[in-house]
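Working through the structure, step by step
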Amino acid sequence: MQNGEHFGMEDETYTDIDGKAISLECQSHSGFCREFTVSSAKVSISRVMVYTCAVWMTAYIIFFFTENTAVLSSAIIITLVGMMIHIHFVKVDHETLLVIGSLGVQVSSSYASGRESTDFIEMDKIKDIVINEAIHMQRVIYYLCILLKDPSDPSGVSSVVPLFQSSKPRLNCLVKVYRSCQEILAKC
Amino acid sequence: MVENSPSPLPERAIYGFVLFLGSQFGFFLYLVWAYVPEEWLHSIGLTYWPQKYWAIGVPVYLLAAVVVCVVMLFGVNMINTAPLCSVDNITDVYARGQRMVDCQKRAIPRLKDVSISDVNRMFYSSPQ
């Protein structure tokens, strides 16, 4: 089995659209199978502590004025439940794109709690994998997306699947993934 | 053919002056209604006026409506922006329906929408 090439260790550092550092890892399993993993920054313990302290201080101040203990217990419950929901549903640890020539494409998101959500798209449905620009929240960003074929119109696009939604890498990272994907798609 | 030019014309001068007089009269009437006490107006014989509360109410409502409209305009724009998963970012009904007529040799090609795959190949595949 071939070893993976770790592009995260090159001199080129990748960032996402907000400037936070991310890392890209490209693994070439065989001539027609490649896997790309974009990892975001992990949950930072200092941010967690800052948020927890802020919430508990506000709850204590409110308790100081209202003398209602329900404020304190509700603050604790809100903090715990909020953290659990965040790491299980919101915080994405890494996103993976696995391209297998003539078989299909697998897109997988792994969350901070370990939960993984995976989607597989057959190669017959895929028209192309392209880098598109679109307006997103008062900005224009580049994003990699899979164009799906329209069954009724062979040259048309029926729907779009955007990739790397949570990590949102910048153009240098996307171009690398794009060129690698196009090599595989051109073969099959 | 009627020319649409913004130059001053006699009719426009008359419209402007009528509007000016009307707005000055309307403002004077508003001040009279807001400040003159009810008894004086009743003693003259003018009894059917709106409540004086509206002399404050209407301007405040209008200002609040302006502020809400600014916020809502921002929100409406965000709602109307196509999400990243929408086909409207790739193509639309006019690009799909364009005729691909082959151009003659040595002629400038017809203006058309280039597909996103070709654009990507030009930008990112060719070594630059």
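On a predicted model such as this, the values are computed, not experimentally measured, just so you know.

Moving on, we get to the layout of surface pockets. Sizing a probe to match a water molecule and rolling it over the atoms shows the empty space that remains. Considering only enclosed or pocket space, the largest pocket measures out at about 860 Å³ in volume. If you trace the largest pocket, you find 32 residues lining it, with Val43(A), Arg47(A), His86(A), Val90(A) and Lys91(A) closest to the centre. Of all the secondary-structure elements, those providing two or more residues to the lining of the largest pocket are β2 (21-30), α1 (45-66) and α2 (69-90) of chain A. Among the elements that make up the lining of the largest pocket, the one with the highest residue count is α2(A) (7 residues). Partitioning the lining of the largest pocket into residue classes produces 14 nonpolar, 10 polar and 8 charged. Lining the second largest pocket we find 22 residues, and of these Ser155(A), Thr91(B), Ala95(B), Gln98(B) and Ser115(B) sit closest to its centre. For the lining of the second largest pocket, the per-class residue count stands at 8 nonpolar, 8 polar and 6 charged.

For the rest of this paragraph, the subject is helix α5 (residues 116-125) of chain B. Among the residues of α5(B), those classed as buried are Ile116(B), Ser117(B), Asn120(B) and Tyr124(B). With its buried residues spanning 95° around the axis, α5(B) presents them on a single face. Buried residues belonging to α5(B) abut β7 (126-135), β8 (140-149) and α3 (171-187) of chain A.

Attention now moves to the packing of α3(A) against α5(B). Between α3(A) and α5(B), the shortest axis-to-axis distance is 11 Å and the interhelical angle comes to 110°. Regarding the angle of α3(A) to α5(B), the classification is roughly perpendicular. In this structure, α3(A) uses Leu171(A), Val175(A), Tyr178(A) and Arg179(A) to contact α5(B), whose residues at the interface are Ser117(B), Asn120(B), Arg121(B), Tyr124(B) and Ser125(B). Residue composition of the contact of α3(A) with α5(B), by class: 4 nonpolar, 3 polar and 2 charged.

Moving on, we get to empty space enclosed by the protein. Tallied over the entire structure, the rule returns 1 cavity of 30 Å³ or more. Within this model, the largest cavity holds a volume of roughly 30 Å³. Grouping the amino acids of the lining of the largest cavity by side-chain chemistry returns 7 nonpolar, 1 polar and 1 charged.

So, about the packing of aromatic side chains. A complete count under the given rule lists 8 aromatic pairs over all chains for this structure. A centroid spacing of 5.9 Å and a plane angle of 75° characterise the contact between Tyr178(A) and Tyr124(B), whose relative ring orientation is edge-to-face. Note that Tyr178(A) is positioned in helix α3 and Tyr124(B) in helix α5, a pairing that runs across two chains. A relative accessible area of 0% places Tyr178(A) in the buried class. Ring centres of Tyr30(B) and Trp33(B) lie 6.0 Å apart, and the angle between their planes is 65°; this geometry places the pair in the edge-to-face category.

Cross-referencing UniProt, the feature "domain: PIG-P" (unreviewed entry) maps to residues 12-124 of chain B in the present numbering. For residues 12-124 of chain B, the helix share is 64%, the strand share is 0%, and the end-to-end C-alpha distance is 58 Å.

This part covers the pattern of salt bridges. For the coordinates displayed, the defined rule picks out 5 salt bridges over all chains. Across the pair Glu183(A) and Arg34(A) runs a salt bridge whose closest N-O atoms are separated by 2.8 Å. Remark: Arg34(A) occurs in strand β3 (residues 33-39) and Glu183(A) occurs in helix α3; sequence separation between them is 149 residues. Residue Arg121(B) pairs with Asp118(B) through a salt bridge whose shortest N-O separation is 3.1 Å. Here Arg121(B) and its partner Asp118(B) are both found in helix α5, 3 residues apart, which amounts to about one turn of the helix. What makes Arg121(B) partly exposed here is its relative accessible area of 42%. The class of Asp118(B) is partly exposed, set by a relative accessible area of 32%.

Time to look at the interface of chain A and chain B. Between chain A and chain B, the contact holds 25 residues from the first and 18 residues from the second. Carbon and sulfur atoms make up 59% of the surface buried where chain A meets chain B, a total of about 1700 Å² over both sides. One can count 0 salt bridges joining chain A with chain B. Looking at the side of chain A that touches chain B, the elements that each hand over two or more residues are β7, β8, β9 (157-162) and α3 of chain A. For the side of chain A that touches chain B, the leading source of residues is β7(A), giving 6 residues.

The rules behind each value
Residues numbered from 1 in each chain as written. Chains lettered and ligands numbered in written order. Predicted model: local features only at pLDDT ≥ 70, side-chain atom pairs only at ≥ 80, totals over all residues. Heavy atoms only, no water. 1 Å grid on protein atoms, 1.4 Å probe; cavity = no way out; pocket = protein on both sides within 12 Å on 5 of 7 lines; lining within 4 Å. Points joined across faces, edges and corners; volume = space filled by probe spheres on them. Helix = DSSP H or I, 4+ residues; strand = E, 2+ residues; numbered from the N terminus. Nonpolar A, V, L, I, M, F, W, Y, C, P; charged D, E, K, R; others polar. Buried < 20%, exposed > 50% of the residue type's maximum accessible area, 1.4 Å probe, protein only. Arc of directions from axis to C-beta. Contact = heavy atoms within 4.5 Å. Axes fitted to C-alpha atoms, helices over the stretch in contact; angles between N-to-C directions. Parallel < 35°, antiparallel > 145°, perpendicular 65-115°, else oblique. Phe/Tyr/Trp six-rings, centres within 6.5 Å; stacked < 30°, edge-to-face > 60°. UniProt positions renumbered as here; feature names shortened; annotations may be inferred. Salt bridge = Lys/Arg side-chain N within 4 Å of Asp/Glu carboxyl O. Buried area = accessible area lost by both parts, 1.4 Å probe.

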